Amino acid sequence: MPINHPATSVDDYLSCIQVVMVNTTLPANIGSAARAMHTMGLSRLTVVDPKRPIDETSVSHAAGGHELLSAAVIAPTLESAIADCQLVFAASSRSRHMPRPVVTPTQAAKIIFDFIDSQSIYQPQTTAETAQDNTAGSRKPNIAILFGREDRGLTNEELAYADYHIQIDANPAYPVLNVASAVQVIASFVFAYAQTHTQTTTSPEADADADSDEAVARSMIDMTLRQQWDEPAITQQQQQQLTECMTALMVQQGLADSSHLKSLPARLSRLGSRLQLDQKEYQLLSALIAKLLKDRPQSS
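Here is what the cut-offs are and how they apply
- Residues numbered from 1 in each chain as written.
- Predicted model: local features only at pLDDT ≥ 70, side-chain atom pairs only at ≥ 80, totals over all residues.
- Heavy atoms only, no water.
- Helix = DSSP H or I, 4+ residues; strand = E, 2+ residues; numbered from the N terminus.
- Expected span 1.5 Å × (residues − 1).
- Buried < 20%, exposed > 50% of the residue type's maximum accessible area, 1.4 Å probe, protein only.
- Arc of directions from axis to C-beta.
- Contact = heavy atoms within 4.5 Å.
- Polar contact = N/O pair within 3.5 Å; in protein donor to acceptor, adjacent residues only side chain to side chain.
- Salt bridge = Lys/Arg side-chain N within 4 Å of Asp/Glu carboxyl O.
- Pairing = 2+ DSSP bridges.
- Axes fitted to C-alpha atoms, helices over the stretch in contact; angles between N-to-C directions.

This next bit is on helix α12 (residues 279-294). Here α12 contains 16 residues, and its C-alpha end-to-end distance of 22 Å stays within 8% of the 22 Å for a straight helix at 1.5 Å per residue. Where α12 is concerned, the buried positions are Gln279, Tyr282 and Ile289. End-on, the buried residues of α12 take up no more than an arc of 95°, which puts them together on one face. Tucked into the core, α12 has its buried residues touching α10 (236-252). Two or three places before lysine 280, at the opening of α12, aspartate 278 has a side-chain oxygen 3.1 Å from that residue's backbone nitrogen.

What follows concerns unusual backbone geometry. A positive phi is found at asparagine 23, a non-glycine position, where the angle reads about 55°. Topologically, asparagine 23 is positioned in the loop between β1 (17-22) and α2 (27-39). For alanine 63, which is not glycine, the phi torsion reads 50° and is therefore positive. Relative to the assigned elements, alanine 63 resides in the loop between α3 (56-62) and α4 (66-71).

Note that serine 258 resides in the loop between α10 and α11 (264-275). For serine 258, a relative accessible area of 55% puts it in the exposed group. As for serine 258 and threonine 247, which are separated by 11 residues in sequence, their C-alpha atoms are 8.6 Å apart.

Residues separated by three or four positions in an α-helix point in the same direction, a consequence of the helix having 3.6 residues per turn. End to end, helix α8 (residues 179-197) covers 27 Å across 19 residues, agreeing with the expected 27 Å (1.5 Å per residue, within 8%). All of the buried residues in α8 are Val179, Ala180, Ala182, Val183, Ile186, Ala187, Val190, Tyr193, Ala194, Thr196 and His197. Between a side-chain oxygen at the N-terminus of α8 and the backbone nitrogen of alanine 180 the separation is 2.8 Å; the capping residue is asparagine 178.

So, on to the pattern of salt bridges. Here the structure, examined in full by the defined rule, presents 3 salt bridges. In this structure, lysine 110 and aspartate 114 form a salt bridge, with 3.0 Å as the shortest nitrogen-oxygen distance. Taken together, the residues span about one helical turn, with lysine 110 and aspartate 114 both in helix α6 (residues 105-120) at a distance of 4 residues. On the accessibility criterion, lysine 110 (16% relative accessible area) is buried.

Moving on, we come to the pairing of strand β6 (residues 143-147). With respect to burial, β6 is a largely interior element, 5 of its 5 residues being buried. Burial along β6 is two-sided: the face carrying Ile143, Ile145 and Phe147 and the face carrying Ala144 and Leu146 are both buried. Alignment of β1 against β6, held across 5 bridges, turns out to be parallel. Bridge pairing in β6 links valine 20 to leucine 146. Pairing analysis gives 4 bridges linking strand β4 (residues 87-91) to β6, with the strands arranged parallel. Following the sheet pairing, phenylalanine 89 is matched in β6 by isoleucine 145.

Here we take up the sheet that holds strand β5 (residues 102-103). Taken in spatial order, the 7 strands of this open sheet run β3-β2-β1-β6-β4-β7-β5, and their pairing is parallel. One side of each edge strand has no neighbouring strand; the edge strands of this open sheet are β3 (73-75) and β5. As paired strands, β1 and strand β2 (residues 44-48) are joined by 5 bridges and run parallel to one another. Looking at the pairing, methionine 21 lines up with valine 47 of β2. Contacts from α8 reach β1, β4, β6 and β7 (164-166) within the one sheet, and its direction differs from that of β6 by about 150°.

These figures come from the coordinates and say nothing about function on their own.
Written out as structure tokens, the structure is:
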């Protein structure tokens, strides 16, 4: 039986994904990453606080991907780069403190495309009552894949922004890829999965692809991706705001020490990722926390 997907083409799906390079040192690596992206159909590049700007070496290494460099977004901070993203991945070669769920590139691709399907099904209402709070639903899903510095990757704080960490199978004695190479590998898995995912006709090849999809599903780690959405997912910025409010509430209630929070914000952020909140749920929780903060007992 043909499988229908809300996004109708490979380009539709891939346009929901942005590659975010953090604090790069060499402009040439930005160009090489742009070339890798263009080869695999990705078109959205964001560079966060590069040590050196995009220059002629970037263009020469980009080859056919030079247009990506012209359209690249230069963001001052990682927070601003992913503020309106609903799903964030981070490429990481090893486990860190407070790890997020770790997935392979193929597993990441499945999560990405299932998420796009679930969000694309949502149709925002147009009544006056919902016109203001459904603005997030008027945009297509926005997904980021983070890549770190050439010499030391992403910091623990930066990795904490991600919902999932992607690890590429490599030589355990030295599992470190050049940043552009990491972009190429992950992008190739995403593109290959996109081609399979958008198959809508029944054929021996499509049946084989479906069997491949089932094999991927069986190899998934034990996690749940929310399938039914009647409201759009919250953005990364909203998730961080909720984490800050929850932290403030715990401090106010004497459940945490503001001068010794340690890993509390990271744990609350990870909890928020697992909950996969939508816009209405976010509004409910935010209102509840605001009420509790406002009604705190006055000290005598």
